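Listed below, chain by chain, are the residues.
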Amino acid sequence: MTGFLAKWQTACDALDQPWQPQLSMTHTHEKTAQLPQVTEPRNPGTALDLDWVLSARANRSAIERRAASLPARRSVKKAHQAAWLCRAVSCIDLTTLSGDDTEDRVRRLCAKAAHPIRRDIAAAIGMEALTVGAVCVYHDMVPAAVAALAQTGIPVAAVSTGFPAGLSPFHLRVAEIGESVKAGASEIDIVISRRHVLTGNWQALYDEMRAFRAACGEAHVKAILATGELGTLENVARASLVCMMAGADFIKTSTGKESVNATLPVSLVMMRAIRDYHDQTGFRIGYKPAGGISKAKDAISYLAMIKEELGDRWLRPDLFRFGASSLLGDIERQLEHHVTGAYSASWRHAMG
Amino acid sequence: MQIPEIFDRMEYGTAPETAADALAWLVDQGDRFGHFINGAFTEPGAVFDSVSPATGETLACITQATSAEVDAAVRAARRAQAGWARLGGAGRSRHLYAIARLMQKHARLLAVLETLDNGKPIREARDVDIPLAQRHFYFHAGMAQIMDTEMPDRVAIGVCGQIVPWNFPLLMLAWKIAPALAAGNTVVLKPAEYTSLTALCFADICRQAGLPKGVVNIVTGDGAVGEMITAHDGVDKIAFTGSTEVGRAIRATTAGRGKALTLELGGKSPYIVFDDADIDSAVEGLVDAIWFNQGQVCCAGSRLLLHAPIAERFEDKLRRRMAKLRVGDPLDKSIDVGAVVHPVQKARIAELVATALPETVYQPCEMPQSGCFYPPTYISGLSPSDPLMQEEIFGPVLVSTTFRTPSEAVELANNTRYGLAATVWSENINLALDIAPKLACGVVWINGTNMFDAAAGFGGVKESGFGREGGWEGMAAYTRAKTKTTKIKPVQAITSGTGTTINEGIDRTAKLYIGGKQARPDGGYSQPVFGKGGKLIAHVPIAGRKDVRNAVEAARGAKAWSASTAHLRAQILYYIGENLEARAGEFANRINQMTGRRDGAREVSQSVDALFRFAAWADKFDGQTRAVPMRGVALAMREPVGVIGALCCDARPLLGLVTVMASALAMGNRVVLAASAPYPLSATDFYQVLDTSDVPAGVVNILTGPHADLAEPMASHADLDAMWCFSSTDLSGEIERLSAGNLKRTWVNNGQDTDYGATSVRRFLDAATEIKTVWVPYGV
C-alpha cells in the first residue's frame, strides 16, 4: 500500500464507528407524495470507506459508447411516449435561479407547477392530476413558493450553501440550510466544495456533507457535485460515493451554472454509483440531472437510462428528478402533437 | 393500454420499423431473383426460398446458380477487368464514390432488408452494418484515388471470387468488393444462401451507379456454387469469410493452382477482465461482444476470462445485465437480440448448450412465442478442457472461467486453435499494453469490443485464417507485384563422375543444425555431394520426419527471439554479415565447387548485402497508427509470424538461404530451413558462421535432404506457423494442400523463380510479419 493510501486507511479506521441504519419510516405526509421519506427508508449514511471510494473506476470511452447507444436502443412511441413524457413532467424540479427572480415570477412558476399541461390536453390523455415534482428556487424566494404551493402538495426545494460556487464561509453555508428549512423548504440542494474532490481530500468532503445533512434535519438533501468542474469521470464516481456515505438523499449533477451540466455519460457514472451503494447498503439514493436538458427526446433517454441501469423503482419522483426550466415547454408541445396529430407552437401553452 | 396505466407501469411498448418499403421493393423485383451478371439480372432459374427467420415468412425466391451461370459470371468479370484497371485509380474512385453515395441514399431500405432477411435487430442493421458498409466504399474510393501514386509497383490480381457469410451480408460484401474494385479487380461474389437480398439490392445499386458491365457480378446459391467459384480456373483470387471447416476445404481445393487466397474464419475470442477494470463498462461491453448480432459474429467475445478477485461480483452484475436484454421482433427498434438466422443454426446452438450441466446454464430473458430465437445464455465455471470452452458456438452463448495472474490470462486466451480477436479490460496501461502483443490473434480491443473501421485491418492468425481486410494491408491483399516472373528450371546436382574424393585434409562431417547444435540425422543416412568433374566433395545428412520435429521444437522454444528488440536483431544480422564476409573466399569457392559455376564470389557478396539490408530494415519496417473514427489510437503493429519453415532456393545455395533467414529473423521469427537440395554445403558451412555470431540457439535450424521428403512433414506440422517454398522441385501444390491442416500461411513459388534482390525486400518482410490491430480508446 502506498503511503498515501495507508494514510487514508488510518483515517478510515479511526472513523470506524459501525453505522446504524436508522430505518425511520418517518411521518407520512399525504400532500407530498414526491418526498422520499414517504416510501423509502432514509439513507443514514455509512462510515467513509476509502477502499471502496478509491477503487471506483470510470472508463470514459466505454461510458460514452454506452451513453451514445442507449437512446438508439430504446425507442418509445405513441401512447407510451406520451405516458413517458408525463412521467418526465412528474419528475421535474421546475426551477428558477436567476438574479432577477421576484415573488410574482415565483408565483407564476408555482401555478405552472400545479398545472404543467394545458388542461384540455391533460384531460384528453387522462392525466388531469399531473403536477411537477417540486419547485426549486433561491432561499429568498422560498416563502413565496411555499405560500403559492400550499394547497398543491408540491414541495419546495431551495438551493443552498452558497450556491452555485459554495465558497462562502462554512458556518454561513450551514446556517443558510437552517434558514431555508425554517422558511418551509422541504428539500435542500447543497453544493459540495469542488476543491475537496480536486485535491483528493475525501475526508473533508465527507465531513462537509455530513454537516450539511445534519443541518437539513427532516428536509431532504440533494448533493450537487458540479460534475462539469470535477475534471474526470472517476472523480464523479468517487464524489458520488462519498456524498452517499455521508448521508445524501439525492445526488445531483450540476448547478446549471457550470459550462457543462448534465450529460448522459456523467449520469451513467452517477447511476452506477447509486446502484453499487444500494447493493452494498440496501438504501436507494435519488438521482437528479440538472441543466442542459431541454428536449422531450432527451428526457426519454434519461428515463430509459434510469430504467436500464437502476430499474423501474427509480422512475418515481421520490428517486428521480430533472432539474430543468425549459424542458416542460418542449414536452407540452409533444403532448399536444400526440393528442391532435399536428405539431404545436410554444405560444399555445401557458408560460410559467 | 391507457396513458395513466402506462404512466404507472413505465413499459417500453413497441417501436416497430415499417417493412412496407422493403417489401414493396421485393414486389417490384418480382419476388424472384436471377443473378447479376454482366450488368443485368438474369432470368430466375431453379429457385429456393429466402425466409425471414423472425417470422418464417418467405421473402423472395433466389436462384441456385448452375455451373454455366458461374462460367458466364467469371467470363463477364474477365472481359471487364482490363478496362476497369485501365480506367485508372481516379476513374475507379468516382465509381466507388457513387456506390457509397447510393448506399447512403438507400440506407433505410438496405437496413430493413437486412433485418428481414437475417433476423438481426434493426438498430444494428441501421447503426452498424449499413454505415460501416458505406464507410468501406468511401475509404476505398480514396484508396483507388491514391493507388497509382502510393502503390506504384502493385497491380490488380484480376478476377476475384468472393464468398461471404450470412451474419453480416452487406457489410461482408462491402469488405470484399470495395478493396477489390479499388485495386482494379473485377469480382464474382456469392452471398450466403440464407441472406442474398441485400447483395441483390447492391447489384441494383451498381446498375444505378453506372458501374461498367461485368465489374461486379453476383451469383446466388448454396455451398455448391461456392465450390464452383473456388474451383474455377478463370478466377485469380479467392476471398472467403466463413467457417474454418469450409476455409480448410477451400485451401485444399485451390492448392497448387496459383490462386491468391485470403480466409477470414472462425474464432473463440477471449474477453479478459482484470480486477482494475471499470467493471460496469466491462459488463456492458459483453453485450456488444456476445449478444451483438445474436452472437453470430466470428470475432464475438465468447470466452469470458475473469480475474479471480472480481469474478463473483462481475458475474452478479452480468446476470443482472442479461435480465435486461430484450429479445424479440428484430424490426422493433427497442430490441437488443433478434432472431437466429436459420433453424439449423438454432438447433446447432441448442445441441452444444445441451452438453452443459443444466445448473451452470443461465437464461433469464423472456422469449418470443414463435420465430427462430435463441435466448442469451451464460454458462459459468467451465474449465479450458470443456468442449464448450473450445468449440465455436456461433450463437448468443457466453462461457467463462477464471484466472489468477496476467500470464495465466494470456495462456488461457491463447489456449485455442483460433486466433481472431481478443478483448482486454484494465485501467492500467502497463498491463493492457503488455498483454496485447502476447495475445495470439489479429485484433485486440482494449476497454471496448467489436470496433471496426475500413482504415484498420481485420483478420486472424492460426485457424482463424490469413489475410487482412481494411487498411493498407487489406488493399495489398487485392494487388500483386508488377514484376514479371520467369519459370524456374529444375536444378540438378552434379552427379558422380570419377568417384574419387577431393577432400584432402581431415574429414569434415556436415551435420544438421538444430537448437544451436550440430546433429546427426535421426535416420542415420547421408547422401554424397559431388563437385565439378563429379568428384565427391562431402556427405550431407538426409533429414527425416523426426529431424523436422526436433527442429520445429527447437524453433518453438526459442521464443525469446521474438520478444527481443529490433536493435538487437539488427546487430546480430550485421554480425552474421561481418563474419560471412570474413570467410567470403571460402564460401565462394564452395559455391563454385558445388555448382560448377564461377559466380560464387558474387553470390557471397549478395548474401552479405542481404544480411545488411535486412539488418537495416529490422528497426524500420514498423507499424502505424490508423485514423479510425474514435478518440484513441488504433495501432497496426507488425508482429512476427512465428516459426517459419522454408524450402530454400536450389540454384543459389547461399543467397536463397540467407535471404529467407535474414528477412525472417529481422522481423523476429524463428526458422527451420531446408538447404538447397543439390548444393547443400553452403548451408552446412553457414551454421559455423551462425555459431560465431551470437545467434541464440533454436532461432535458426538447418536441415538437408531432398525437398520432396521434407515438404510433407514440414507443411503438415501443426506447430509451424508458415511455410515458404522456393524449391525448384514442384512442391507448391502439396505444400498448400497440407498447410490446410493448421491453416499455416504459405508463400510458394508456383514453379516461378524468386527475386532475391533489393526490390523484393518488402515482399519478404510482408511475408515475415502479420499485422495486429490494437484498438486503444482513451479519455478520462
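The structure displayed is predicted, hence computed values, not measured ones.

*Asks:* Quick rundown of the overall build of chain A? Include the residues and the values.
*Replies:* Assigned secondary structure in chain A consists of 15 helices and eight strands. Counting across all 352 residues of chain A, residues that qualify as buried make up 59%. Pairs at least 24 apart in sequence give 78% of the contacts found in chain A among residues at least 6 apart. Summing over all exposed atoms, chain A offers an accessible surface of approximately 13,100 Å²; the carbon and sulfur share of this is 54%.

*Asks:* Any details on unusual backbone geometry? Residues and values, ideally.
*Replies:* With an omega of 0°, the peptide bond running from F163 of chain A to P164 of chain A counts as cis. A positive phi angle, near 55°, is found at F394 of chain B, a position not held by glycine. Among the structural elements, F394 of chain B can be located in the loop between α14 (387–390) and β16 (397–403).

*Asks:* I'd like a description of the interface of chain A and chain B, backed by residues and values.
*Replies:* Often, the extent of an interface is quoted as the loss of accessible area on bringing the components together. Counting residues at the interface gives 45 residues for chain A, matched by 43 residues for chain B. The contact between chain A and chain B buries some 3,800 Å² in all, and 48% of this surface belongs to carbon and sulfur atoms. For the pair chain A and chain B, the interface holds 10 salt bridges. A salt bridge links E284 of chain B to R66 of chain A; the nearest nitrogen and oxygen atoms lie 3.2 Å apart. Along the contact surface separating chain A from chain B lie 24 residue pairs in polar contact (both at pLDDT 80 or more).

*Asks:* For the sheet that holds strand β12 (residues 269–273) of chain B, give the residues involved together with the corresponding values.
*Replies:* Residues and elements named next belong to chain B. Strand order in the open sheet formed by 10 strands is β14-β15-β16-β13-β12-β17-β18-β32-β26-β25, with mixed pairing between adjacent strands. In the strand order of this sheet, the two ends are held by β14 (361–362) and β25 (624–626), each with one partner. Here three bridges tie β25 to strand β26 (residues 632–640), and the two strands are oriented antiparallel to one another. The residue bridging R626 from the neighbouring strand is A634, located in β26. Against the sheet, helix α12 (residues 311–323) makes contact with β12, β13 (301–307), β14, β15 (377–379) and β16, and its axis sits at roughly 145° relative to β13, the strand it touches most. On the sheet, helix α27 (residues 761–768) packs against β26 and β32 (769–777) and is oriented at approximately 60° with respect to β32.

*Asks:* Lay out the packing of helix α5 (residues 78–90) of chain A against helix α15 (residues 327–340) of chain A with the relevant residues and their values.
*Replies:* Residue and element names in this part refer to chain A. Here α5 crosses α15 at 150°, and the two axes come no closer than 10 Å. As summarised for this structure, α5 and α15 are arranged roughly antiparallel, according to the angle between their axes. The element α5 and its partner α15 pack so that their crossing is left-handed. Only L328, I331, Q334, L335 and H338 of α15 make contact with α5, whose side of the interface consists of K78, A79, A82, L85, C86, A88 and V89. Classifying every residue of the contact of α5 with α15 gives nine nonpolar, two polar and one charged.

*Asks:* Run through the packing of aromatic side chains, naming residues and quoting values.
*Replies:* Inspection of the entire model under this criterion finds 32 aromatic pairs over all chains. Consider the rings of Y271 of chain B and W425 of chain B, whose centres lie 6.4 Å apart with planes at 40°: the pair is tilted. Of this pair, Y271 of chain B sits in strand β12 while W425 of chain B sits in strand β17 (residues 421–425), placing them 154 residues apart in sequence. Through pairs of rings, three or more aromatic residues link up here, namely F614, W724, F726, W747, Y756 and F764 of chain B. The lysine or arginine in question, R74 of chain A, covers the ring of Y12 of chain B, its NZ or CZ lying 5.3 Å from the ring centre. Over the ring of Y418 of chain B we find R417 of chain B; its NZ or CZ atom is 5.5 Å from the centre of that ring.

*Asks:* How would you sum up the pattern of salt bridges? Please name residues and give values.
*Replies:* Oppositely charged side chains can form a pair if their charged atoms are brought close together. One pass over the structure, following the stated rule, counts 75 salt bridges over all chains. Measuring nitrogen to oxygen at the nearest pair gives 2.9 Å for the salt bridge that ties D721 of chain B to R556 of chain B. Here D721 of chain B, found in the loop between α25 (707–715) and β30 (722–725), pairs with R556 of chain B, found in helix α18 (residues 545–557); they are 165 residues apart in sequence, far enough to count as distant. Residue R556 of chain B is classed as partly exposed on the basis of its relative accessible area of 27%. By sharing partners, the salt bridges in this structure join R66, R272, R275, D276 and E309 of chain A together with D280, E284, R313, K317 and R321 of chain B into a single network.

Conventions we followed
Residues numbered from 1 in each chain as written. Chains lettered and ligands numbered in written order. Predicted model: local features only at pLDDT ≥ 70, side-chain atom pairs only at ≥ 80, totals over all residues. Heavy atoms only, no water. Helix = DSSP H or I, 4+ residues; strand = E, 2+ residues; numbered from the N terminus. Buried < 20%, exposed > 50% of the residue type's maximum accessible area, 1.4 Å probe, protein only. Contact = heavy atoms within 4.5 Å. Areas by Shrake-Rupley, 256 points an atom, 1.4 Å probe, with all protein chains shown as cover. Buried area = accessible area lost by both parts, 1.4 Å probe. Salt bridge = Lys/Arg side-chain N within 4 Å of Asp/Glu carboxyl O. Polar contact = N/O pair within 3.5 Å; in protein donor to acceptor, adjacent residues only side chain to side chain. Pairing = 2+ DSSP bridges. Axes fitted to C-alpha atoms, helices over the stretch in contact; angles between N-to-C directions. Parallel < 35°, antiparallel > 145°, perpendicular 65-115°, else oblique. Left-handed = near helix turned anticlockwise from the far one by under 90°. Nonpolar A, V, L, I, M, F, W, Y, C, P; charged D, E, K, R; others polar. Phe/Tyr/Trp six-rings, centres within 6.5 Å; stacked < 30°, edge-to-face > 60°. Lys NZ or Arg CZ within 6 Å of the ring centre and 35° of its normal.

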